[in-house]
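Observations on chain architecture
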Amino acid sequence: MERKLKFILSADKNWAIGNKNNLLVRIPNDMKNFRTITTGNVIVMGRKTLESFPQGQPLPNRVNLVLSKDASYQVKGAITLTSIEALFEELKKYPDKEVYVVGGGSIYKQLLPYCDQAIVTKIDEAYEADTYFTNLDELDEWKITEESEEQTYFDICYTFVTYERRSES
């Protein structure tokens with residue numbers, strides 16, 4: 001049985017997640033939540049997501065795995081993998097860690113079949129965007145299992161929502 005992955009992301013009311021290789025908005029509490037959840041674990045991302053991090057560097061205190069078609073792509077502190085098969089092979093080295101997929105759009109799409117939980121910061125705004133996540137509210141196989149109280153950052157309202165894939169009965 002292959003490892004089940006978890007997604008972590010923030011999305012606006014249209015399930016937009018990014019624009020021009022950047023987050024739509026930076027909410028300090030969302031960043032803190034991301035840090036708390038992913039620290040000490042494995043994060044999986046595409047090359048563009050890694051390059052969007054501060055100074056284009058891997059995030060500290062995590063195993064940084066980068067899925068890229070370019071086998072020559074190397075960044076100190078990150079492991080580059082060129083296929084989903086290679087990713088699952090690499091993940092065998094970390095049996096005691098949770099695995100969080102952190103973006104971007106094409107990586108989320110490729111790995112959606114392997115994911116059983118999504119931690120989504122849902123932002124009650126609509127932003128200009130060029131990258132979207134699958135609308136889990138429209139998929140019968142996903143259900144909300146946890147939802148925080150509404151929170152605000154200046155005039156932005158958001159909630160932390162956990163989705164889980166329904167087990168096949």
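Up top is the structure these notes are about.
Residues numbered from 1 in each chain as written. Predicted model: local features only at pLDDT ≥ 70, side-chain atom pairs only at ≥ 80, totals over all residues. Heavy atoms only, no water.

As for the layout of surface pockets
Taken as a whole, the largest pocket encloses approximately 1,100 Å³ of empty space. Considering the residues around the largest pocket, the lining is formed by 42 residues, among which T49, S52, V102, G103 and G104 are closest to the centre. At the level of elements, β1 (5–11), β2 (16–18), α1 (28–38), α2 (47–52), β6 (99–103) and α4 (105–111) are the ones that each hand at least two residues to the lining of the largest pocket. If you tally residues by element for the lining of the largest pocket, the top one is α4, at 5 residues. Classifying every residue of the lining of the largest pocket by side-chain character gives 15 nonpolar, 18 polar and 9 charged. (1 Å grid on protein atoms, 1.4 Å probe; cavity = no way out; pocket = protein on both sides within 12 Å on 5 of 7 lines; lining within 4 Å. Points joined across faces, edges and corners; volume = space filled by probe spheres on them. Helix = DSSP H or I, 4+ residues; strand = E, 2+ residues; numbered from the N terminus. Nonpolar A, V, L, I, M, F, W, Y, C, P; charged D, E, K, R; others polar.)

A short note on the nonpolar core
In terms of nonpolar packing, the biggest core is built from 31 residues, with F7, V44 and L111 touching the most fellow members. Counting residues in each nonpolar core, the second largest holds 15 residues, with I37, M45, A78 and V102 among its members. (Core = buried A, V, L, I, M, F, W, Y, C linked by side-chain atoms within 4.5 Å. Buried < 20%, exposed > 50% of the residue type's maximum accessible area, 1.4 Å probe, protein only.)

So, the pairing of strand β11 (residues 156–165)
Within β11, 7 of the 10 residues are buried, which leaves it mostly tucked inside the rest of the structure. Bridging between strand β7 (residues 115–123) and β11 involves 7 bridges; their strand directions are antiparallel. The partner of K122 across the bridge, within β11, is T159. Note: strand β10 (residues 151–153) against β11, 3 bridges, orientation antiparallel. (Pairing = 2+ DSSP bridges.)

Considering the pairing of strand β4 (residues 63–67)
Consecutive side chains of a regular strand alternate in pointing toward one face of the sheet and then the other. For β4, the buried fraction is high: 5 of the 5 residues fall into the buried class. By the bridge criterion, 5 bridges tie strand β3 (residues 42–46) to β4 in an arrangement that is parallel. For M45, the partnering residue across the bridge sits in β4 and is V66. Note on the crossover from β3 through α2 to β4: the handedness is right-handed. (Right-handed = clockwise from strand over helix to strand, strands pointing away.)

Quick word on the pattern of salt bridges
Scanning the entire structure with this criterion turns up 7 salt bridges. A salt bridge links D124 to K13; the nearest nitrogen and oxygen atoms lie 3.7 Å apart. With a gap of 111 residues between them, D124 in the loop between β7 and β8 (131–132) and K13 in the loop between β1 and β2 connect regions that are remote in the sequence. On the accessibility criterion, D124 (43% relative accessible area) is partly exposed. E89 is the salt-bridge partner of K92, the closest N and O atoms lying 3.1 Å from each other. On the basis of relative accessible area, K92 is assigned to the exposed category, the value being 58%. Classification of E89 by relative accessible area gives partly exposed; the value is 48%. (Salt bridge = Lys/Arg side-chain N within 4 Å of Asp/Glu carboxyl O.)

Focus: the environment of M31
Tracing the backbone through its elements, the reader meets M31 in helix α1. The exposure class assigned to M31 is partly exposed, which follows from its relative accessible area of 24%. Residues M31 and L5 lie 26 residues apart in sequence; the distance between their C-alpha atoms is 20 Å. Excluding residues that lie within four positions of it along the chain, M31 makes contacts with L23 and R26. (Contact = heavy atoms within 4.5 Å.)

Looking at helix α3 (residues 84–91)
Structurally, the α-helix is built with 3.6 residues per turn, so residues lying three or four positions apart point the same way. Every buried residue of α3 is listed here: I84, L87, F88, E90 and L91. Viewed along the axis of α3, the buried residues span an arc of 160°, placing them on a single side of the element. (Arc of directions from axis to C-beta.)

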